[in-house]
Each structure stands twice: as C-alpha cells, then as structure tokens.
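Observations on the three-dimensional arrangement
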Amino acid sequence: MARVSLVWLERPGLEGLAPELVARAAGVELDRGGLLEAAVVSGPQAAAPPGLKGRLLGKPVVWLDLALEVGGGDDALRLARAALAVARAAGRAALGTLPPVYAPQPAQNVLVAGAGLAALSAAQEEAALGHPVLLATPFDAAHVPGQDDDPQEVSLLAARLPAQVELAPGTELTELTGAAGGFRARLAGPQGAGWQSFGAVVLAPPGQWASSCEAPGLDPALTQPVWQLRVQEVSGPPDGWLYAAVLAGTARPLTADSFARALRAALALAERPRVQVVLLYSEARVASDHGERLFRQCRQAGVLATRVAPGGLAVREGGRELAWPDPLLGQEMELAPDLIITADQARAARPAFLDNRLLWPSWESLVPDNPRFSGGRSSRTGLYILGALRGTAPGAARRVEAADAAAEMHERLAGKLVPMPVVRDKICARCLTCVRTCPHGVPRHVVDSIHCAPAGCLACGVCAAECPAQAIAPPGWSNPEMFAGLQRALALAAEPRLVLFACQNSALAAAGELSAGGHAWPAGLVINPVVCAGRVGEHLIMKALELGARAVLVAGCHEGNCRSVTGNLRSRLRAGQCSRTLGRLGLAPESVQFLHLASNQPRVLAQAVAQMAARALEG
Amino acid sequence: MVNTPPSTPILILGGGVAGLAAAVDLARRGLACTLAEREPALGGRARDFCCKAVSACARCGACRLADLLAEAAARPQITIYTQALATSARPAEGHGWQVELAPAGPAAPLPIGPGQPLPGRVSLAAQAVILAVGPQPFDPAGKSSLGYGRVPGVISALELEARLVQGAWEQRPAPAKLAFIQCVGSRDQSLGRLWCSRVCCGYALRLARLLKASRPDMDIAFFHMDVQDYGRAWEEELAGLRREMRFVRAMPGEVAAGAGGPEVVFALAEGKQMREAFDLVVLSQGLGPPAGAGALAQMFGLARTQDGFLGRAEEPVAAGAAGVFVAGACQGPRSLTESIDHAGLAAAAAAAYVASTKGAGRG
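Residues numbered from 1 in each chain as written. Chains lettered and ligands numbered in written order. Predicted model: local features only at pLDDT ≥ 70, side-chain atom pairs only at ≥ 80, totals over all residues. Heavy atoms only, no water.

**Some words on the domain arrangement of chain B**
All names here are of chain B. What the domain assignment lists for chain B is domain 1 (7-135 + 289-362) and domain 2 (138-286). Each of domain 1 and domain 2 has a C-alpha centre, and these two points are 31 Å apart. Both sides together, the interface formed by domain 1 and domain 2 hides about 1500 Å², and carbon and sulfur atoms give 64% of it. Inspection of the domain 1/domain 2 interface yields 3 salt bridges. Here R59 and E237 are joined by a salt bridge, their closest N and O atoms 2.3 Å apart. Counting the contacts that link domain 1 with domain 2 gives 6 residue pairs in polar contact (both at pLDDT 80 or more). In the side of domain 1 that touches domain 2, the residues fall into 10 nonpolar, 1 polar and 7 charged. (Domains from an automatic or database assignment. Buried area = accessible area lost by both parts, 1.4 Å probe. Salt bridge = Lys/Arg side-chain N within 4 Å of Asp/Glu carboxyl O. Polar contact = N/O pair within 3.5 Å; in protein donor to acceptor, adjacent residues only side chain to side chain. Nonpolar A, V, L, I, M, F, W, Y, C, P; charged D, E, K, R; others polar.)

This is the structure:
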C-alpha cells in the first residue's frame, strides 16, 4: 500500500480550515513539496498549479473537490467533514491501482430556505434521514409561520426540531448555482454574506395572502379580503339587517382551498346576529376535505348561495352596489351590501436569483406541469420547491411534499443510483452546449472546463446527443458503445432491418408488455433501449441507417410527460432534421419517424412498428 | 410456513399505486418492507386506466404505474407477495403488529409481473403497518334512477376506461352522441354521500376529449353541478373543452330506455324540462371508502372519517392506532398522482415510528 499525502490547494469554500489539522485528523501526511507515492488533492484537476501535475505523474491521485464536501456550518463541523472526505479518498488512493480520477463525492448537507410549515417539515424530514440541515429563515425565529400556516402546528413543529438542524435567523438566500451534490449558495445574514456549499436545496418561502381578483371597482371602504375579516366585530344594526356579500371566485373560479376559506368566512358571518350573507361564486369548488359539507352547512345557516357567470358580476354606484343576472328568475338581481368579503389565496414571491436566465431555466421549465414532477421535485435535480411558492394548498399537502422531497433527496445524495457523465476534456470545445441543454442543470463551466454536479445526473443523455464534438462519453452509453451495440444487433437482424429507439419511461415498458404477451415483432426489428428519447440525436439515427437499418423509429413520452422536461421534444426535432436531410439527399424521408406514447399504450407502439415494417418492405 | 420471513420492519397492505409508492419510498429511505397484494397482479385499479393524452400529456398520472412497478421490482429491500389477504391482526408484545396473511384463492398459473404468490398461511411480525387498500368506486346500480344495469347503453366511467384500454373503438366507429353524467354517488344527500370525489370532473373531461379526438364530429354533453380544479393550466384547458363539448349545468333525474338509445331526462336552469336521446351514457362514479374498511378498522382498531374512509380527516396519514398508517385514496378521495405523493408521507411517518420504537427499546 502506498503512503498517501494530502496536497492542499487553497480553494474557495476551504477558508478557515487548517491543512495540518485536516491531514492529522484524516491520518495522512501533509504534502511539503517532495516526491509523492499517492495523493489526495483538495481541489479539482483544473485548479492544480503547473508543477503539481508533474510531481503526480503516474501516481494514484484522487482529485477531491473538498469545498463541496465541507459545506457550511461551524468550523468544528467543517473540519470533521473535511477529514472524513480526505480519509475516504486516501483509502482509495492507497490501493495504488487507480488511475488519476476526479471523483467528487456529493455533499450531504441540505439548505432549507424559508419559513413556516413547508420549510420546518422539510428540515425535520431531512434531519431524520441523517443530513445536516441549515435552516435559513428570513425571520428572527424559525417558528414564525407563513400567513397561510396554522401557527399552533408550526410552533409545535419548531419546538420539536432535531439537533441536526442549524438555525440561521434573519438570513436570505440571494444566489444559487449548481445541482444535486454540488450547490453553491450565497447567504446574506446578520453576520454578512458568503458562499457555502450544499448537497441539496429546499426553497419554501413563507406564504402571504393575496386577494383574488373578483370585480374591478369595488368600494374599498366596504371591501376586505377573508384574511382580514374579524368576524367577531361584525353584527347587524339593532333594528335591521347587515348585508354581507362574500365573493368566492366571481371573475374566475377559485381553487378548492380558497373556496373552502370563503365558505368558512361566510358561515362565520351567517352565525353573527342580524347578518344576512350572500355568497356569489361561479363554480363551487368543493373538492377539499369537507368542502361539500361546508357548502351545505352554509346554506343551512341561511347563506344565500348564488351562482354568477364568470365575469358576470357588475359593480355600480361607486362600488357600493352589485348586480348579476339570475337565470332561474330570468331577471337581474341587485344588492347594496354593507360589507364585501373577497376570497384570498396564498402566494410566495419567487426568489430574484431565478430570473437569471444564464443560470436558471424559466419557471415553467423549472417546475414543469408534468405528472412526473410531483412531490416537490423541480427539473433541477437536488432542488425542491415547496409550499406557497409552488402553489400547494396550506396544511397537509405541504407535509406530503416535504416528506416526498426528503426521500428523493436522500437517495440521490447517497449516490448509489446516480450516473456520472464524463466530459472528455481534450475533445471538449467549451461550446457550452451541454450547459445550455442539460434539462437538470448538471454541467457547469468552471474555470476552463466542464464540471458535473456529482449527484445530479439522471442519465437522460441529452448532453451526449447534443454535444457537437461528441466529447461527452457517459460510461455504458457513450456514442462508440452505442454504435457498437447497434452494429452487433443489426448484424444479427433479418432484412429489412428496423431500429426502434425505446425510451425506458414509455416505449420500453410498452414493448415489454407486448413481448410478454407474445407479440410477433417484425423479424428485422432491433429494440434499442434508451434512458430518455433525448439521448437519440442525429449521430445515433444516422449511424443506425449507415449500419443498414431501413427505418428508424424513435419512441418517447407524450409532450409534457418527459422526465427530462423536453428530452422527447429535442429528440422529435432531431428525428425531423434527419428526415429532412434524407429528403435533401434524395432518400426516403419517412424512414426516420418519431412517436409519442405512454407506457400503457402498447397497441400504439405495435401499430407504429407494423407500419414502419410495411413501409420498409414496400420501399 | 417455510421459506417465509417471520418478520418485516414494515408491512404494506395493498399493491396499487399508493402501496407501491410507499414501498419505493421506504426503500429510498433504506428500509426493508413487505408488500401484500390481494390480486394476482400488482397495480390495482390503475391497471385499467388508459392514457388520456391527445396532442400532449393530459396529466392523469396513469403512466406512473409502470414507473412504480419497475422501481419496486428493481429494489431488493421490497418483498412482494401477491394473492395475499390479511385475515387477522393483533398488537405484538411491546410494539408493532402480528398479522396473519392467507392466500386469496388458488395460485395463478403464471406469476404476473413482480412478486410471488403467497406460499401458504403466513404469520408476519411487523413493526409498523401501512394500509393502502385503495378506494371503492361507487356502484352506479345504487343510483337506480340513472338506469345502470337496466337501460342498455348506460355504462360506468370505469367500464369506459376499460373499453378504451382494450381499444374498443379502434376497429369500429365510436358512438356519435355521448353523455357524461357527473357526481354519481358523490355530493348526494339522498345516498348519504356528502363528499366531492375530487377526481371525476378531471377523468371524465379527459376521457371526453380523448373520444372527441378519435371522432371529431362526436356530440358530447357533460351534465354536471360544478367543474372542480385540476392544477395550473386547468382554467385555460377548460375554456378549450367548453368549445369542444356541451357543458350542461343540470343533474339528470332519470335515464330511461328509448327507441334511439338511452334518454336522459333533465331540467335546465330556467326550469324547462328536457329529454334527450344518446348513443351512450357514461356515469362518472365517485370514489368511496374501501369495501373492506369496516373489517380493516375492526382488525386494527382504526378510526374512520365522517365519510367512512380510513383514518382521521384532519391527520393526513395517522390511522388512529399505534403503528398503523394510511396511504392513498383509502383515506379520502385522491387522484393517482396525489395518492402516490400521499404514500410518501405515510412511509415517512412509518419510518419515524419504527425509528422511535427502536430508540425506546434501547433506552
């Protein structure tokens, strides 16, 4: 076994760590510039000074991005994490057989930025899974809830926060880059601002009430939103009635949660003395717990529930009179209420750093409206967006999100299932196509090379398909390996040879079901599984044709269903480009096709393959 | 009794999407679990749900079953028994449960998908139990005025899904005139079912759009009380749907057999009585408490919600008995995606419970 030295490169994020202490705690020698047997370096290869590479030539070296390992927190904690990482790396270097590798370990610590139920639940769940958590909250005390949270539930949760949760009050997250296992976050707090490293980040800013847009021109003196209503102060005059109008989505239907809040307000008002309540709504959104019962209780308590067409509420007399057509009576109704209550909805402001389009995709791409991105997930692996910011209803749904996010994050940072794209530095032209196209934000351009977040990759292969230099060689599914696989399979296939590139999230499952049911595939069909249709670029399609395929079918998920957000659309675009190229060359453009389908649509796949086979036989 | 593990950290009853999601979530947390499914195949009702994408994903979540099956099969921490029925349970000494599992019917000739049939009667010690037995869709025959089982051409929404999964109208033309009747067995005081089933507007409108795409001249009437909310882009989607089909705000009082197909009797908002014939009438049945809710509640000493679902409405996953948790739509009406997410919290709660009892044992 080789003797291992620690080569210390002073790097951002390692400030305040004494190299001697780290080396001693890790049980290795600190390098003083002599000849080395084996080494652990505290920074990536790109950061090495010129002389160092010469001294290390041919020796087993582990290039450790120590800053990522160390993360934030107090100095003792950082020293312990640094020593642990160096000791682990030294174990590998000491074997003496490894070629020089750059193998950053994913950082394990988690930043939870926010307040209220969502943030506290997330902090609690992640700490329970053994991750050090920094809870950065804009408030002085962690238990200050969002306006939309139940204060009692939140303070109970705050009181039970485990010891692994470090609290940073009065602290805001002002900048964020990176992906799972390697986030850099700039936190501004009472002690100033600074960058820290984290393995995962949870954004859960506190929710604030916003009034729903009901009708323009309401008299502000009469109008207040649900959250400001102090129902105990409302009562009718001794000799008559107080008329209260509750507007519950008159311009546009509400969410079930907002509607239930409006119903509760209406019910509370109806129980006050000499108060008559009129509830105006366009759709009764009763799909919340007890929503239907609440709606019924309102009517039983004497609330006049009246439906208006969306936008059908007219405001007159300087905002003091409401009018709407009643279809049942066939006439216009009028009401001059003494009090107008408008519905409300919880919102949270989006952090400003997400507006930086060089570092972040649009909100729609970051939090896609896609059934595979539920449970707090965002398209940036390791980043979870919860609570009011995501638009999740207050209460239980936020705890659900926090629990789901924690489990996903825990497994991702454990790194057992996470592949690692390898960027061949000598071929890479630094064109940044991968940085631009990776749907998960994994590659970053640092100094003068491409660095990949250590736990962020989903192996979709979009980068490998898009890289014009073919410099990205993910082990097992690099272009040369896939070409070789295609060649072997096509050599065995009968004429006419057909290639199906099958996305594992849709087409592969459908093909599996067909095969299990004894489906008779065309004799010349080669099914090439891919993690995402996005892996299939022009190189692969054209190679398949070059190797003798008569037709190529790329089958991916439906639009809006891709696990890599737009991998399927990229692939569809590439297939179209190949098809046009073939047309320009005087070849059959229809021999390259793209198919959208879902895993439970095997017949769609069977039909498309049969059509492809029929066309190939004709041509 | 041989070859079977006598104990498991966590036992999950039910192998539908919620049960599978709970198992996968526990595995993510590094915990082993045993999943017991009554049927020969995993997947529950989601197996009969079709993909509702037309030009883009309709976000119904039916595709996530395949993801879950693949994930559950790939994880060594998950032991799966099919055709396994819990027959009795008693609290184990200290903490946890001793659950008796018995084979449900003769073993299927071929194993279907992941898991193996329960080899015989098994007595399993579990530190925690997650119930993910799924909801029971309302039987439309229970609302006899709507003609289900009596008037030809009246089918349930689940039957429509199954027909679409089997490709019923791929070879022959789809019906030209179709009615969807919403809130069958939900929001209905006469049946004592005072809850909104949450999912029916979404699935019915998506099915309607799917059918309409296969036959653009199809005339679809959508009888409803209110249209519920289905996520971010729903209002915009709804505006498009309103152009494609007739939204009739009326709850039909009767569906009668007629010469030209089932006839729907309803009243318009202004009070006018109408009678209209359709080729096919689809009853959008609501979700209700699981069929075996009473037996399960007795077996584990569980609480039930006001509506008869398992657990307590105000507590998302607690079942009202120590070490027992509920996941998915057996706790209240939930969509597929919501059930999958909910199961994650049940898994977290079960994991926390197991960890806390371990600590108590040491201390």
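We are not done yet, so read on.
**Re the interface of chain B and chain A**
In this complex, chain B contributes 54 residues to the contact, which on the side of chain A involves 55 residues. In total, about 4600 Å² of surface goes out of reach between chain B and chain A, with carbon and sulfur atoms giving 44% of it. Broken down residue by residue, the surface that chain B buries against chain A is led by B:R28, B:R29 and B:R232, which jointly contribute 15%. Run the count over chain B and chain A and you get 14 salt bridges. (Contact = heavy atoms within 4.5 Å.)

**What about the nonpolar core?**
Counting residues in each nonpolar core, the largest one holds 43 residues, and the members touching the most others are B:I10, B:I12, B:L26, B:I78 and B:I130. Where this core is concerned, the elements lending two or more residues are α10 (396-414) of chain A together with β1 (7-13), α1 (17-28), β2 (33-36), α2 (64-74), β3 (78-82), β7 (122-131) and α7 (336-362) of chain B. If you tally residues by element for this core, the top one is α7(B), at 11 residues. With 34 residues, the next largest nonpolar core counts A:L242, A:A244, A:F259 and A:V277 among its residues. (Core = buried A, V, L, I, M, F, W, Y, C linked by side-chain atoms within 4.5 Å. Buried < 20%, exposed > 50% of the residue type's maximum accessible area, 1.4 Å probe, protein only. Helix = DSSP H or I, 4+ residues; strand = E, 2+ residues; numbered from the N terminus.)

**Brief notes about α2(B)**
Of the residues making up α2(B), those classed as buried are B:R64, B:L65, B:D67, B:L68 and B:A72. Burial along α2(B) is one-sided: seen end-on, the buried residues are contained in an arc of 155 degrees. (Arc of directions from axis to C-beta.)

**Quick notes on the packing of α1(B) against α2(B)**
All names here are of chain B. Closest axis-to-axis distance for the α1/α2 pair is 9 Å, and the angle between their directions is 45 degrees. Overall, the two elements α1 and α2 adopt an arrangement that is oblique. The chirality of how α1 crosses α2 is left-handed. Where α1 approaches α2, its residues V17, L20, A21, V24 and R28 are matched on the opposing element by L65, L68, L69, E71 and A72. Of the residues assigned to the contact of α1 with α2, the class counts are 8 nonpolar, no polar and 2 charged. (Axes fitted to C-alpha atoms, helices over the stretch in contact; angles between N-to-C directions. Parallel < 35°, antiparallel > 145°, perpendicular 65-115°, else oblique. Left-handed = near helix turned anticlockwise from the far one by under 90°.)

**A closer look at the pairing of strand β11 (residues 192-198) of chain A**
Residues and elements named next belong to chain A. Two strands pair when backbone bridges link them, and strand β10 (residues 182-189) and β11 are joined in this way by 7 bridges, in the antiparallel orientation. What sits directly across from A188, in β11, is A193. What sits between β10 and β11 in their antiparallel hairpin is a turn of 2 residues. (Pairing = 2+ DSSP bridges.)

**As for the packing of aromatic side chains**
A complete count under the given rule lists 11 aromatic pairs over all chains for this structure. Geometrically, the ring pair formed by B:F222 and B:F247 is tilted, given 5.1 Å between the ring centres and 50 degrees between the ring planes. With B:F222 in strand β11 (residues 219-223) and B:F247 in strand β12 (residues 246-248), the pair connects residues that are 25 residues apart, well separated along the chain. For B:F222, a relative accessible area of 0% corresponds to the buried category. Centroid distance B:F223 to B:F278: 6.1 Å. Interplanar angle 85 degrees. Geometry classified as edge-to-face. Here the residue B:F223 occupies a position in strand β11, and B:F278 occupies one in the loop between β15 (273-277) and β16 (280-285), the gap between them amounting to 55 residues. Judged by relative accessible area, B:F278 falls into the buried class, the value being 1%. Taken together, A:F259, A:Y281 and A:F295 form an aromatic cluster joined through their ring pairs. (Phe/Tyr/Trp six-rings, centres within 6.5 Å; stacked < 30°, edge-to-face > 60°.)

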